[in-house]
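In case you want the letters, here they are:
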Amino acid sequence: MHRPKRPALRKRVRIHPGAPPGTLVLDPSSPKPRLTVIAYNSEEFIEQEITDLKPIHDALERWPVTWVNVDGLGDVDAIREVGDLFGVHGLALEDVLNVHQRPKVDEYGNLLFIVARMIEPGHPVQAEQMSMFLGERFVLTFQEHVGDCLDCVRKRIRDGRGKVREMGADYLAYCLLDAVIDGYFPYLDNLSDLLENLEDDVIARPTTETVAKIHQVKRDLLTVRRAIGPLREAVNTLLRNAHPRITEATQVYIRDCYDHTIQIADLIESYRELAGGLLDVYLSSVSNRMNEVMKVLTVIATMFIPLTFLAGIYGMNFDPDASPWNMPELRSHWGYPIFIVAMLLIALVEIFLFWRKGWLGGSDGASDGRLDRTCGHSGETEP
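Structure report, in brief. (Residues numbered from 1 in each chain as written. Predicted model: local features only at pLDDT ≥ 70, side-chain atom pairs only at ≥ 80, totals over all residues. Heavy atoms only, no water.)

Our focus in this paragraph is a negative patch on the surface. A cluster of acidic side chains, namely Asp189, Asp193, Glu196, Glu199 and Asp200, defines a negative patch on the protein surface. You can see Glu199 is positioned in helix H6 (residues 184–204). When its relative accessible area of 32% is taken as the criterion, Glu199 is described as partly exposed. (Patch = residues over 30% accessible without salt bridge, like charges linked within 9 Å, V, L, I, M, F, W, Y side chains within 5 Å. Areas by Shrake-Rupley, 256 points an atom, 1.4 Å probe, with all protein chains shown as cover. Salt bridge = Lys/Arg side-chain N within 4 Å of Asp/Glu carboxyl O. Lys, Arg positive; Asp, Glu negative; His and termini not counted. Charge placed at Lys NZ, Arg CZ, Asp CG, Glu CD. Helix = DSSP H or I, 4+ residues; strand = E, 2+ residues; numbered from the N terminus. Buried < 20%, exposed > 50% of the residue type's maximum accessible area, 1.4 Å probe, protein only.)

This is the structure:
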């Protein structure tokens, strides 16, 4: 049986055992960092891609809220320089570069460090790490590569829609976290449609390719589950533990994020059960098809048993001249046509009996008739 090749997952890059805490290890496959600055107030905003850190200094001094986004982790010196500018702890920078962290929330002095995982639909599905630092007047984010689900937040800042331009940096951090969480829903909607199609295929056309797709869905769901489970705990930590960087007004919105994580976790569990059930349906469908094939073959074999018996008898080499009992039918003028007609009659009678039994997909009229006669003998009268 041909098995489709499973796409390779990204290799983990780990720190050498025994290395000092805060050691920064570069993933050679990571792209070079690209820095973008968005700063705003209630009246205006700026957005620019930068190559040095001077615009960051100016934005921090002038604007009430500054968002610095780093796409790509392929330069340790640049990452360390940005971290030093914002006072990021070395252990936190280590977690930024080690991109296989569980979603979590940590406090480093006046900075709130949040790790979340953004869903990347594909085959197989991937979960990109987003590291976010929340300070008094800024939000610093690190992503593995260019491209994310945060364009909706950027558009709201540009257009001045909603409260993002009127609130502080904590509300911006909530908006980013909410966009990451909401990014799971379109993927789950597409997955729901895929599971419905797989269910139809499993029932109507069960093939090995369908089984491979079901296993791929189960692996994708496991990846998403590993991402959303810890993320739910991290958001719950933001709700339980008050932090001076998060105001009470923003705390209400974070509660909504937590509700969304619960919804996603429930959907994932439901889809995992459905995917597991599809495998059982596939086995049942294959077993039923095999039973149908065996039934047809058995019916055909049963039909030919008496015909083969008659053909075997008349195929024996008896001489009618030696004895009157040595198959005198061999000298009959109509012997061959009579023999063929007899075989056809036997075959038709067998087909009729198989149909009456329901073995050929016919009606269950015989069984219904027996049931009616049995009820009649029970003494019951019809109204």
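Moving on, we come to the pairing of strand E3 (residues 65–71). A regular strand places its side chains so that they alternate between the two faces of the sheet. Counting buried positions along E3 yields seven of seven residues, so the element is predominantly enclosed. Of the two faces of E3, the one carrying Val65, Trp67, Asn69 and Asp71 and the one carrying Thr66, Val68 and Val70 are both buried. With seven bridges joining them, strand E1 (residues 34–40) and E3 adopt antiparallel strand pairing. Looking at the pairing, Ala39 lines up with Thr66 of E3. By the bridge criterion, six bridges tie E3 to strand E7 (residues 138–143) in an arrangement that is parallel. By the bridge assignment, Val68 is partnered in E7 with Leu140. (Pairing = 2+ DSSP bridges.)

What follows is about the side chain of Asp95. If you trace the backbone, Asp95 turns up in helix H3 (residues 90–97). Residue Asp95 is classed as buried on the basis of its relative accessible area, which comes to 11%.

Inspection of the secondary structure assignment puts Glu233 in helix H7 (residues 208–240). Counting along the chain gives 25 residues from Glu233 to Tyr258, while the straight-line C-alpha distance between them is 8.7 Å.

Where charged atoms from two side chains of opposite charge approach closely, those side chains can pair. Enumeration over the complete set of coordinates arrives at 15 salt bridges. Between Glu44 and Arg62 there is a salt bridge whose closest N-O contact spans 3.6 Å. With Glu44 in the loop between E1 and strand E2 (45–50) and Arg62 in helix H1 (residues 54–62), this pair connects stretches of sequence that are 18 residues apart. Using a relative accessible area of 40% as the deciding quantity, one classes Glu44 as partly exposed. Judged by its relative accessible area of 55%, Arg62 falls in the exposed class. Put simply, Arg161 and Asp159 hold a salt bridge, and the shortest N to O gap is 3.8 Å. Arg161 gets classed as partly exposed once you look at its relative accessible area, which sits at 42%. Asp159 gets classed as partly exposed once you look at its relative accessible area, which sits at 43%.

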